[in-house]
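Letter by letter, the chains look like this.
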Amino acid sequence: MDKKFTRRNALKSIAIGSGVLSLGGVASSFAAMKYIDNNSLPNRKKNNVKHSVCRWCFQNIPLDEFAKTCASMGIQAIDLLKPSEWDTVEKYGLVCSMATDDFASIENGFNEPKNHKDLQEKYKGLIDKASKHNIKNVIVFSGNRRGMDEKTGIKNCSKGLKPLLKYAKKKNVNLVMELLNSKVNHPDYMADHTEWGVALAEEMGADNFKLLYDIYHMQVMEGDIIATIKKHHKHINHYHTAGVPGRNEIGDTQELFYPAIMKAIVETGFEGFVAQEFIPTNSDEISSLKKAIEICDV
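These figures come from a predicted structure and were not determined experimentally. Residue indices begin from 1 for each chain and proceed along its sequence in written order. Totals for whole chains, interfaces and linings use all residues, but because this is a predicted model, local features are given only for residues with pLDDT of at least 70 and pairs of side-chain atoms are given and counted only at 80 or more. Note that water and hydrogens are dropped before the side-chain values are worked out from all heavy atoms of the structure.

Caption draft 1: Focus on the overall build of the protein. In terms of regular secondary structure, the protein is built from 11 helices and 8 strands. Relative accessible area decides the class of each residue, using a 1.4 Å probe on protein chains only: under 20% of the type maximum gives buried, over 50% gives exposed, and in between gives partly exposed. Scored against the burial criterion, the 298 residues of the protein give a buried share of 58%. Accessible surface is estimated by sampling points in the Shrake-Rupley manner with a 1.4 Å probe; for residues, cover comes only from the protein chains shown. Accessible surface, the protein: about 12900 Å² in total, of which carbon and sulfur atoms supply 49%. The helix count covers DSSP runs of H or I at least four residues long, the strand count covers runs of E at least two residues long, and both are numbered beginning at the N terminus.

Caption draft 2: Here's a closer look at the packing of aromatic side chains. Note on aromatic contacts: the rings of Phe and Tyr and the six-membered ring of Trp form a pair at centre separations within 6.5 Å, being stacked when their planes are under 30 degrees apart, edge-to-face when over 60 apart, and tilted otherwise. A complete count under the given rule lists 6 aromatic pairs for this structure. Relative to F278, the ring of F58 has its centre 5.8 Å away and its plane inclined at 85°; by these criteria the two rings are edge-to-face. Taken together, the residues F58 in the loop between β1 (50-54) and α3 (63-72) and F278 in the loop between β8 (273-276) and α11 (285-296) connect sequence positions 220 residues apart. As far as the burial class goes, F58 and F278 line up, both buried. One aromatic cluster is present, built from ring pairs that chain together F58, F66 and F278.

Caption draft 3: View of unusual backbone geometry. In the segment running from V244 into P245, the intervening peptide bond is cis, with an omega of 0°. Within the secondary structure layout, P245 lies in the loop between β7 (236-241) and α10 (258-267). Despite not being glycine, L80 shows a phi value in the positive range, around 60°. Relative to the assigned elements, L80 resides in strand β2 (residues 77-81). Within the chain, R146 stands out as a residue other than glycine whose phi angle is a positive 50°. Position of R146 relative to the elements: it lies in the loop between β4 (137-140) and α6 (150-170).

Caption draft 4: Geometry of α3. For α3, every residue scored as buried is listed here: L63, F66, A67, C70, A71 and S72. Note on contacts: a residue pair is in contact if any heavy atoms of the two residues lie within 4.5 Å. Considering only its buried residues, α3 is in contact with β1, β2, α4 (83-90) and α11. Positive backbone phi, at 85°, marks G74, one or two positions downstream of α3.

Caption draft 5: Main features of the packing of helix α5 (residues 116-132) against α6. Only the contacting stretch of a helix is used when fitting its axis, a line to C-alpha atoms as for every element, and angles between N-to-C directions run 0 to 180 degrees. Remark: α5 packs on α6, axes separated minimally by 10 Å, with the N-to-C direction vectors making an angle of 25°. Judged by the inter-axis angle, α5 sits roughly parallel to α6. Note on packing geometry: the crossing formed by α5 with α6 is right-handed. Contact with α5, carried on its side by H116, L119, Q120, Y123, K124, I127 and D128, involves N156, K159, G160, P163, L164, Y167 and A168 of α6 and no other residues of that element. Any residue that is not Ala, Val, Leu, Ile, Met, Phe, Trp, Tyr, Cys, Pro, Asp, Glu, Lys or Arg is counted as polar, Gly included; the first ten are nonpolar and the last four charged. Across the contact of α5 with α6, the residue classes break down as 7 nonpolar, 4 polar and 3 charged. By the definition adopted for this analysis, an angle is roughly parallel if under 35 degrees, roughly antiparallel if over 145, roughly perpendicular if from 65 to 115, and oblique otherwise. Should the near helix be turned anticlockwise from the far one by less than a right angle, the crossing is left-handed, and should it be turned clockwise, the crossing is right-handed.

Caption draft 6: Examining the packing of α6 against helix α7 (residues 194-204) more closely. Between α6 and α7, whose axes approach to 9 Å, the crossing angle comes to 45°. On the basis of the axis angle, α6 is oblique to α7. Relative to α7, α6 is oriented so that their crossing is right-handed. Facing E150, G153, I154, C157, S158, L161, K162 and L165 of α6, the residues of α7 in contact are W196, A199, L200, E203 and M204. Looking at the contact of α6 with α7, its residues break down into 8 nonpolar, 2 polar and 3 charged.

So this is what it looks like as C-alpha cells:
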C-alpha cells in the first residue's frame, strides 16, 4: 500500500485516533436539516445503527464540505477529530464520535510507565474539552510491546489509566482503547488481540473504560469476528469497518460479509457508533461511503 494512504501517516497531518447527542446537539441537528436532501439518504428503514465515518480516510475533502455531505447522507458523526475540528462538524448537526488530539500516539501509550505522567496531564486537558462539547468517547492506545510481556503490559496500562478513568467519570467521558493488528499495519502494537483488551478491561473494572473493536484489524489478527462480538460485546462501545484484504471498500470483493456482522452487532443491543474506516479506491469517494453505509444499515 502506498505509504501516504496509511492511517499512521494520515494521522500525523490531521486528527489521529459512542457518543450521544446533547440538547445542544439536538438543536444543531434541527439547524442542519436544511443540508439534508431526503432523496440522498440511504434506504434506512430499520434505523438500528448509528453511523459514523473516520475523517482521515477522506482527508482530500475539506472538512466543512465533508461534514455537510455526511449530514446529507444521514451519517450522524465523524470519528477521530481533534478539538480544532469539532465546531466545524457540529454546525451541521454532527457529533465527534471519537475524540483525539495530536499527542495521542499508537506506538507510545499507557503500557510504558515513563509515559504516564505526560499522558495523564494531556489527556485530562482533552477530557475537559470533550466534556464541554458533550463528546462521550476519547481514544487511548496501549503502545508498542518493545519486548514487554502481556501481563506486565496490562498491569502498566491499568496503573496509568485508572487515575484518568476517575477523572473522566466525573466528566461523563469514556476512555476507549483501540484494538489494532500488529501483523500488517502496526508492527509490535500490544493491544492486538481481543482477549488482551478484555483482560485489561476486566482488570480496570470501570464502566467508562471500553474497547474500540476494529473489525478489519481483528480479522487480520484472529478472525472469528461474529463469535467474538457476541462473546465480548459488553466490553465494546465502538466499531470500525474496512474490507479484508486491503483495508478498502467493504462489499462482495473481500472476505468479510458485513450484513451478517452488522446484524450480530445489532442483536447484542449495541447503542454506540459504527464508523467506516476504509481507504477508498473509487475516485468517487463519497459514492463508496454511501454504499458502505447502505451495506451496514441492517
